[in-house]
Amino acid sequence: TQKEMNKVVLSNPGAALVDIGDGVYCLEFTSPNNSIGGDLVSMVLQSVDYVAQKGEGLVLGNHGKNFCVGANLMLVLMEAQDENWDDIDLMIRMLHKAMLAIKYSPKPVVAAPFNMTLGGGYEFVMHSHRVRAAAETYMGLVELGVGVIPAGGGTKESAVRAAQQAGSEKVDLQPYINNAFEKIAMAKVSTSGQEAKELGLLREADKITANSDFLINDAKKMVLSMAQEGFVPLRPEPIRVAGKPALATLKLATYTMREGGYISEYDQFIANKLAYVLTGGNVAANSYVTEDYLIELEREAFLSLCGEQRTQARMQYMLTKGKPLRN
């Protein structure tokens with residue numbers, strides 16, 4: 001059988017790189033709940049390197065209960081409560097490094113998400129070149145529910161996609177930024193792979209697999225066809241951001257929602273931090289910034305939120321009660 005042919009070429013407690021034939025490798029998450037920790041992040045970096053030298057491409061997929069439920073929240077909370085800001089800072093830097101390794105991989109990377117693909121799990125999907133999603137895929141950026149913003153490149157990549165969707169400089173970025181903001185601020189999660197497409201969580205070229213038994217194989221075929229077409233690696237490009245006027249617009253929206261009693265004062269506080277990163281912060285409309293600049297904004301916002309008592313309370317509540325606290 002296929003499984004017996006598969007050879008594990010690299011592994012640690014959080015993940016394994018498996019040879020699935022024809023020069024294609026599959027990076028399997030194997031941590032508890034497939035949550036993202038240091039082992040998984042270092043295996044991503046090793047795997048991209050290994051495949052760059054020896055393979056045709058990489059599939060991100062596994063046979064767990066869920067594709068990936070995001071970062072190890074317990075770990076983040078414990079570090080925050082102990083005020084180990086340097087450790088959290090390093091975690092975020094390493095996570096960004098892993099995401100960018102995927103995005104700028106010299107060989108094609110196809111994500112094969114299924115079931116819960118939340119937070120950091122979805123950030124892996126965002127940074128992959130293509131996606132082959134199961135019909136049963138519940139994806140989205142849910143970080144605001146635990147009092148932070150997406151910080152594995154999810155906020156940055158949302159800004160990048162908004163600029164890509166708008167295209168020409170003549171097109172106003174605001175509606176695209178509004179759309180990205182709403183999805184993250186409301187922690188929207190798709191109810192299926194198809195809905196993920198409708199919500200814009202998946203792109204045009206991404207595909208859905210009806211029978212998840214074939215998911216990894218379909219993703220492998222996708223990798224091979226991309227390799228045969230002559231895959232051209234992405235290169236970092238300047239990103240057009242909406243800047244101060246868009247930030248003012250979003251802040252007005254959160255103020256209105258707060259006044260109307262739809263969100264709490266703390267929801268508003270977090271949403272404004274999100275808006276700052278999504279719009280590129282304190283810059284003129286239609287400025288061009290680097291990806292690294294947006295990553296810095298994202299990391300700073302995440303760190304500052306981890307230091308807030310109310311964020312720590314939200315994390316604690318989610319870990320003990322399994323649902324978001326609206327403080």
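The structure contained in this document is the topic of the report that follows. Predicted, not measured: the structure shown is a model, and the values here were computed from it. (Residues numbered from 1 in each chain as written. Predicted model: local features only at pLDDT ≥ 70, side-chain atom pairs only at ≥ 80, totals over all residues. Heavy atoms only, no water.)

Brief notes about the environment of Lys251
Selection rule: Put simply, DSSP H or I for four residues or longer makes a helix, DSSP E for two residues or longer makes a strand, and each gets a number counted from the N terminus. When accessible area is computed with a 1.4 Å probe and restricted to protein chains, residues below 20% of their type maximum are described as buried, those above 50% as exposed, and intermediate ones as partly exposed.
Here Lys251 lies in helix H10 (residues 243–259). Judged by relative accessible area, Lys251 falls into the partly exposed class, the value being 39%. As a C-alpha pair, Lys251 and Ala162 span 89 residues in sequence and 18 Å in three-dimensional space.

Quick look at the pairing of strand S2 (residues 15–19)
Note the threshold: Whether two strands pair comes down to DSSP finding at least two bridges between them.
Most of S2 is tucked away, with 5 of its 5 residues classed as buried. On S2, burial covers both faces: Ala15, Leu17 and Asp19 on one face and Ala16 and Val18 on the other are all buried. In terms of strand pairing, strand S1 (residues 7–12) meets S2 through 5 bridges, oriented antiparallel. Following the sheet pairing, Lys7 is matched in S2 by Asp19. Linking S1 to S2, which pair antiparallel, is a turn of 2 residues. In this structure, S2 lies alongside strand S3 (residues 24–29), joined through 5 bridges in antiparallel fashion. Its bridge partner being in S3, Asp19 is matched across the sheet by Tyr25.

Topic: the environment of Glu169
How we decide: Whether two residues are in contact is decided by their heavy atoms, any of which lying within 4.5 Å being enough. Pairs of N or O atoms are called polar contacts if they sit within 3.5 Å, as long as, within protein, a hydrogen donor faces a hydrogen acceptor (for residues adjacent in sequence, only side-chain-to-side-chain pairs).
Relative to the helices and strands, Glu169 is located in the loop between helix H6 (154–166) and helix H7 (174–185). Counting along the chain gives 71 residues from Glu169 to Arg240, while the straight-line C-alpha distance between them is 8.2 Å. Ignoring any residue separated from it by four or fewer positions in sequence, one finds Glu169 in contact with Arg240 and Tyr288. A polar contact is formed between the side chain of Glu169 and the side chain of Tyr288, at a distance of 2.9 Å.

Looking at the sheet that holds S2
Stated precisely, the cut-off is as follows: Only the contacting stretch of a helix is used when fitting its axis, a line to C-alpha atoms as for every element, and angles between N-to-C directions run 0 to 180 degrees.
Reading across the sheet, the 7 strands line up as S1-S2-S3-S4-S5-S7-S9 and stay open at both edges, with mixed pairing between neighbours. On the outer flanks of this sheet lie S1 and strand S9 (207–209), each paired with one strand and no other. In this sheet, neighbouring strand axes are inclined to one another by 20° on average, regardless of whether the strands run parallel or antiparallel. When strand S7 (residues 130–134) meets S9, the two strands line up parallel, connected through 3 bridges.

A short note on the environment of Val51
As for its position among the elements, Val51 is in helix H2 (residues 38–54). For Val51, a relative accessible area of 2% puts it in the buried group. Residues Val51 and Arg235, spaced 184 residues apart in sequence, show a C-alpha to C-alpha distance of 18 Å. The residues touching Val51, leaving out its near neighbours within four places in the chain, are Leu17, Tyr25, Gly57, Leu58 and Lys107.

Concerning unusual backbone geometry
We note that Asp22 has phi near 60°; this positive angle belongs to a residue other than glycine. Assignment of secondary structure puts Asp22 in the loop between S2 and S3. In this structure Asp22 comes out as exposed when scored by relative accessible area, which is 54%. At Ala187, a position not held by glycine, the phi torsion is positive, near 50°. For Ala187, the position within the fold is in the loop between H7 and helix H8 (193–198).

Topic: the side chain of His129
Along the chain, His129 turns up in the loop between helix H5 (120–127) and S7. At 2.9 Å, the side chain of His129 forms a polar contact with the backbone oxygen of Lys103. Within polar-contact distance, the side chain of His129 engages the backbone nitrogen of Val109 at 2.9 Å.

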